[in-house]
Amino acid sequence: MYLTTIEFECFADTTISQAEKAINQVLDCWRYNGQIIGREFPVVIKDATFSTRVVCPEENSLLESHQSAQVKRAKQALSDVGLLSPKIKSLGRDINSDDSDLCESPSWQVLYTNYLQSCSPLRCGDHFTPIPLYHLPAVANGDHKQLVKWQEDWSACDQLQMNGSILEHGALMEMSSTKSHLFKRGSNLCKRLEYLTKTPTYLYLYRVGGESLSTEKARACPSCGGQWKLDEVEHDIFDFKCDSCRLVSNISWDFKR
Ligand SMILES: [Zn+2]
Ligand SMILES: [Zn+2]
């Protein structure tokens, strides 16, 4: 991913709170379209210019050709509060983050995230690298907000179960049961993505607990009850894959080595 500086210059009198609101709106819309990654964007003001640093999936993520109607509207609204269009400068590749997927058309893709991950929640099934969301047709209402919100909820559940102090069981159920709201939302998003991209799109189902390694290996698909064990683990995570239910999962993390 790429570190990018963004500057918003004032051309007329504005108040800090008005400018802040308009800038945050642009940042939110970019984030919901997958053009910038992360949650917190500190904005500094110096010499009538507001600036911030963001992480982008690619060097050219902020091109207008990638933007959603929401981004366009938010950028237009900047002039109402006396700000010029954002000036964008790429600082280079962030050595600590994943590279984006380069496939023209992956043979399959998977909706997968965890509490540490801030890149796109959709990954190429062949390389397990994140697919920039703005390369995909919008899932709903012109952008990818539903996918970003699903990712936020999944990461929050993962964080709760990692911390293990409050709401652990409810969080775990959301991530690992085919009956949960999070599962249903993820599954609907996968169906939508598959319809839009014509690429088989799988949902990752988290698995922890269980009795033993042998019972774990014999586990059936929780959705159709069919055999879904893979001969070889894929991307060090997926031991199970059901092609009819479009699900992938792991041998319980309690027994997986
Ligand atoms: Zn790929
Ligand atoms: Zn199945």
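1. Topic: a nonpolar patch on the surface
Inference 1: On the surface, Y115, L116 and M162 cluster together to form a nonpolar patch covering roughly 310 Å² of accessible area.
Inference 2: Tracing the backbone shows Y115 in the loop between β5 (109-111) and β6 (122-124).

2. Some thoughts on the coordination of the zinc ion (ligand 2)
Inference 1: For the zinc ion (ligand 2), the full set of protein donor atoms is C221 (SG), C224 (SG), C242 (SG) and C245 (SG), at a range of 2.3 Å.
Inference 2: Mapping the donors of the zinc ion (ligand 2) onto the primary sequence yields the spacing C-x2-C-x17-C-x2-C. A residue pair is termed long-range when its members are at least 10 positions apart, and C224 in the loop between α6 (213-217) and β8 (229-234) and C242 in strand β9 (residues 238-242) qualify at 18 residues.

3. With respect to the coordination of the zinc ion (ligand 1)
Inference 1: The protein atoms that coordinate the zinc ion (ligand 1) are D101 (OD), C103 (SG), C124 (SG) and H127 (ND1), at distances of 2.1 to 2.3 Å.
Inference 2: In this structure, the zinc ion (ligand 1) is coordinated by four donor atoms arranged in tetrahedral fashion, with angles at the metal of 94 to 123°.
Inference 3: Mapping the donors of the zinc ion (ligand 1) onto the primary sequence yields the spacing D-x1-C-x20-C-x2-H. Remark: C124 occurs in strand β6 and C103 occurs in the loop between β4 (87-93) and β5; sequence separation between them is 21 residues.

Analysis parameters
Residues numbered from 1 in each chain as written. Chains lettered and ligands numbered in written order. Predicted model: local features only at pLDDT ≥ 70, side-chain atom pairs only at ≥ 80, totals over all residues. Heavy atoms only, no water. Patch = residues over 30% accessible without salt bridge, like charges linked within 9 Å, V, L, I, M, F, W, Y side chains within 5 Å. Areas by Shrake-Rupley, 256 points an atom, 1.4 Å probe, with all protein chains shown as cover. Salt bridge = Lys/Arg side-chain N within 4 Å of Asp/Glu carboxyl O. Helix = DSSP H or I, 4+ residues; strand = E, 2+ residues; numbered from the N terminus. Donors = N, O, S within 2.8 Å, 3.2 Å for Na, K, Ca; no water. Tetrahedral: all angles 85-135°; square planar, octahedral: opposite > 155°, others 65-115°.

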